[in-house]
Structure formats: C-alpha cells, structure tokens
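Here's the letter readout for the chains.
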Amino acid sequence: SSSSSSFDTLQAKVSSLWSDILGGDAEGGDAFSGAFRVDRLACWDIILADQELAGLVGKGDPASGIRLLEAMKSSVALDVNTDGLIEFAEFARLADQQVIAKAREDLETAAAAAAQSVGAKEAEVYGGAASGPGFTFDFVGVWGDNKRKRAMPGGAIKLGSRAEPLEALRLANALEVLAVRIASEGAREGYFALQDNGAMMFATVGPNRRHERYGRKGEGRGGLGLVVPQAAGTSAAGSSASTSAVVDVAGGVLENAVYHLKLLGAPDAATPAQPALDAEAKPVPAAPEEAEKAAPREPSLG
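Reading the values: rules and limits
- Residues numbered from 1 in each chain as written.
- Predicted model: local features only at pLDDT ≥ 70, side-chain atom pairs only at ≥ 80, totals over all residues.
- Heavy atoms only, no water.
- Helix = DSSP H or I, 4+ residues; strand = E, 2+ residues; numbered from the N terminus.
- Buried < 20%, exposed > 50% of the residue type's maximum accessible area, 1.4 Å probe, protein only.
- Contact = heavy atoms within 4.5 Å.
- Expected span 1.5 Å × (residues − 1).
- Salt bridge = Lys/Arg side-chain N within 4 Å of Asp/Glu carboxyl O.
- Axes fitted to C-alpha atoms, helices over the stretch in contact; angles between N-to-C directions.
- Parallel < 35°, antiparallel > 145°, perpendicular 65-115°, else oblique.
- Nonpolar A, V, L, I, M, F, W, Y, C, P; charged D, E, K, R; others polar.
- Core = buried A, V, L, I, M, F, W, Y, C linked by side-chain atoms within 4.5 Å.
- Polar contact = N/O pair within 3.5 Å; in protein donor to acceptor, adjacent residues only side chain to side chain.
- Phe/Tyr/Trp six-rings, centres within 6.5 Å; stacked < 30°, edge-to-face > 60°.
- Pairing = 2+ DSSP bridges.

**Student:** What is the right way to read the environment of Leu107 from this model?
**Tutor:** Looking at where Leu107 falls in the secondary structure, it is placed in helix H6 (residues 97–126). On the basis of relative accessible area, Leu107 is assigned to the partly exposed category, the value being 30%. Along the chain, Leu107 and Ala71 lie 36 residues apart, while their C-alpha atoms are 6.8 Å from each other. Beyond its immediate sequence surroundings of up to four residues, Leu107 is in contact with Arg67, Leu68 and Ala71.

**Student:** So what exactly am I meant to see when it comes to helix H7 (residues 168–184) here?
**Tutor:** Given 3.6 residues to a turn, an α-helix orients residues that are three or four positions apart in the same direction. Between the first and last C-alpha of H7 there are 24 Å, a value that for 17 residues agrees with the 24 Å anticipated at 1.5 Å per step. In terms of burial, H7 is largely enclosed, as 13 of its 17 residues are buried. Looking one or two places after H7, you find Gly186, whose phi comes out positive at around 75°.

**Student:** How do you make sense of the pattern of salt bridges when you look at a structure like this?
**Tutor:** Pairing is possible between side chains of opposite charge, provided their charged atoms come close. Counted by the stated rule, this structure contains 7 salt bridges. Ionic pairing is found between Lys13 and Asp50, a salt bridge with its closest N-O pair at 3.0 Å. Taken together, the residues span a long stretch of sequence, with Lys13 in helix H1 (residues 2–22) and Asp50 in the loop between helix H2 (40–48) and helix H3 (51–57) at a distance of 37 residues. Side by side, Lys13 and Asp50 carry an identical accessibility label, which is buried. A salt bridge links Glu52 to Lys13, with the shortest nitrogen-to-oxygen separation between them at 3.2 Å. Placement of Glu52 in helix H3 and of Lys13 in helix H1 is noted, with a sequence separation of 39 residues between them. The class of Lys13 is buried, set by a relative accessible area of 12%. One network of salt bridges, with partners in common, ties together Lys13, Asp50 and Glu52.

**Student:** Would you take a moment to explain the packing of H2 against helix H4 (residues 62–74) for this structure?
**Tutor:** Axes are the key here: two packed helices are described by the angle between their axes and the distance separating the axes. The geometry of H2 relative to H4 is characterised by a closest axis approach of 11 Å and an angle of 175° between their N-to-C directions. When the axes of H2 and H4 are compared, the pair comes out roughly antiparallel. Where H2 approaches H4, its residues Arg40, Leu41, Trp44, Ile47 and Leu48 are matched on the opposing element by Ile66, Leu69, Glu70, Met72 and Lys73. Per-class residue counts for the contact of H2 with H4 are 7 nonpolar, no polar and 3 charged.

**Student:** Sorry, what's going on with the side chain of Glu90 here?
**Tutor:** Tracing the backbone shows Glu90 in helix H5 (residues 88–91). Apart from the residues within four sequence positions on either side, Glu90 is in contact with Leu78, Asp79, Val80, Asn81 and Leu85.

**Student:** Quick question: what am I supposed to make of the nonpolar core here?
**Tutor:** Where a protein is soluble and globular, its nonpolar side chains tend to be buried together. Core analysis: the biggest nonpolar cluster contains 30 residues, and Phe137, Leu171, Phe192, Leu194, Met201 and Val247 have the highest contact counts within it. Looking at this core, the elements that each hand over two or more residues are strand S3 (135–144), H7, strand S5 (189–195), strand S6 (200–205), strand S7 (226–229), strand S10 (244–247) and strand S11 (255–263). Among residues more than four places away in sequence, those in contact with Leu171 are Leu159, Leu166, Leu194, Met201, Leu226, Val228 and Val247.

**Student:** How do you make sense of H4 when you look at a structure like this?
**Tutor:** Taking 1.5 Å as the rise per residue, H4 with 13 residues should run 18 Å; its terminal C-alpha atoms sit 18 Å apart, in good agreement. Listed as buried for H4 are Ser64, Gly65, Ile66, Leu68, Leu69, Ala71 and Met72. Sitting at the amino-terminal end of H4 is Asp61, which places a side-chain oxygen 3.2 Å from the backbone nitrogen of Ala63. Just downstream of H4, Val76 is the residue with a positive phi angle, here 50°.

**Student:** How should I be thinking about the packing of aromatic side chains in this particular structure?
**Tutor:** Note on aromatic pairs: each is described by the distance of the centres and the angle between the planes. The full count for this structure, using the stated rule, is 6 aromatic pairs. Measuring from centroid to centroid gives 5.5 Å for Phe137 and Phe192, while their planes differ by 85°, and the two rings are edge-to-face. In this pair, Phe137 is assigned in strand S3 and Phe192 in strand S5, connecting sequence segments 55 residues apart. On the basis of relative accessible area, Phe137 is assigned to the buried category, the value being 7%.

**Student:** What exactly am I supposed to notice about unusual backbone geometry here?
**Tutor:** Excluding glycine, residues mostly carry a negative phi; peptide bonds, for their part, are mostly trans. A positive phi is found at Thr82, a non-glycine position, where the angle reads about 50°. Among the structural elements, Thr82 can be located in the loop between H4 and strand S2 (85–87). A relative accessible area of 67% means that Thr82 is categorised as exposed. Its identity as a non-glycine residue notwithstanding, Asn197 has a phi of 60°, on the positive side. Looking at the element boundaries, Asn197 is found in the loop between S5 and S6. Asn197 sits in the partly exposed class, given a relative accessible area of 28%.

**Student:** Can you help me understand the pairing of S6 in this one?
**Tutor:** Counting buried positions over the 6 residues of S6 gives 6, a clear majority of the element. Burial of S6 is two-sided: the residues Met200, Phe202 and Thr204 facing one way and the residues Met201, Ala203 and Val205 facing the other way are all buried. Pairing of strand S4 (residues 157–158) with S6 involves 2 bridges; the strand directions are antiparallel. Bridge assignment links Ile157 to a residue of S6, and that residue is Met201. Sheet analysis places S5 next to S6, joined by 6 bridges and oriented antiparallel. Bridge pairing in S6 links Gln195 to Met200. From the end of S5 to the start of S6, which pair antiparallel, there are 4 residues, and Asp196 there has a positive phi angle of about 55°.

Written as structure tokens, this is what we have:
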C-alpha cells in the first residue's frame, strides 16, 4: 500500500541520514550498532536542516514536518537513555509512527492552550475589562514579498479571504491586539502589512524595516476607506488623546501595503535611527488555526 511504501521510504531516509552523520567513522552494519553515539543537539541541528526528511515526516508538507520534528525535539523524543547522546536505535525513532503521532498530539495540545490564552487576552481587551494602548499609524508604501522567505517573519494573520471584503472591525481588533503586543514587549512601535486585498496581515514589533528587503512593488489596491477607531491614550505631554485613522490601501498577491504603527506618547523627532534591513526582527506569530475557528471574527496575533 502507499502508506507502507511511505513508511519504508521514511525508514530508509532515516538510516541514510544516520550514515551521513557518522561519515567515515563507521562502515557497513557497524554504523547501526550501539557502539556509535552522537551528541543529541548536534543530531537535531542536522535533522532540522534536512528538507527531504521534513517532507517525509510531514507527508509531503515540509513545513508541517518541521513543526512535528521540533515538537519531538522539545519533548526529547529521541534520547530514551537521557544521557544527551543518541545511538541509532534512538535515532530510528524519527520514523516511529507512534512518536510522530505523539508529536502531533503535543502540537494540538499547545495550539489549544494558545487559543485559550489568546481568547482570554481578546476578552480582556475587547470586553471592556481593560483597554489597549492608544496608537496611530501611517501608510509607508507597497513593498514586495517572497512566498518562500517572507519579508516580515512570523506567518500570516488571516483577516478573511480574497473574495470576502475586509471588515473594519476585524482589522481594528487585529491592530489593537498588535498594540497590546508592542506594549507588552516594551516597544513603542511596529509595522503591519496587508496582502491579498487585505485577506492576510503580517506584523512585526519594533523599529526594524524588514518589509523593505525586496523593494517597492506596485501601487496596491486603494479606496478601502476602513476607519479604525483608536483607544483613548495619553500623549507624551500627559493629555488625553483619542484619534481615528483610515486604512485605504491593501496589497495584492505578494504585495505588502505597509503601515507604521506607533503607540500614543511614542517620540517623533527623538526616534532612534532605524536598524539595518537585515537586523533581527521580532515577528508577531500567526494565530493557530484552532484559534481562528474558535473566534473567526477576531483574528489574533498569537
């Protein structure tokens, strides 16, 4: 059957990868004896860099495979002897279907916990128990993207579909959660980008300008006219301020219509120089799929 064939292919790949790790240190059957052991973390560096293995573990989806492998690493699934060293019998657990199933279960459990945490934060922000920080934003242009290596790391935040008009309420909710995220990380600014006519949003925390890495691209889609009411906040001078802004442009396919978001009270003229484009960004991870199903009208930043 195809499932047994896939399993055989995965087993063969695991054996081949183990031989590659040992290199010339072992010959023939000796490579698979318990006489050879490799540092656990060194093994994982090689495992997580192998896209072919990730594709086999993820059944054709390397990204899913990487998540499963990372879950195995987090649970120390290979180091049965708990000595920090891996022998082949332990390494072979990469192809063990029970180990893979356990990793999948761990991911689902983590996603459910994240969804509960996100739901609690959204209830706090949107339910009136607490308000998020006030913020403003400015449009800074349409920039290119790359599907294989996104300009703004962290994954897409789904706001709808290409065929479904972007709603102001959905966008306002996502931006208020972003503002909470920025404040919680001790920053005063960040960037968000709308792509696929507003169906997807990407965001980063801090002053990095990673969105510029592929250069400007197109004009985007204008005329959205989405009014986003900002929460009341306190300006640098200590006065109360309440503003609203309009999101008027969304990018198309692989186009990021980028906006610079600043918390109220953040300095203007005193803003430090921007870091280089390849500076380390603080990505805002996408919400897990489960969170989207639980609260489809209030997308989360994870």
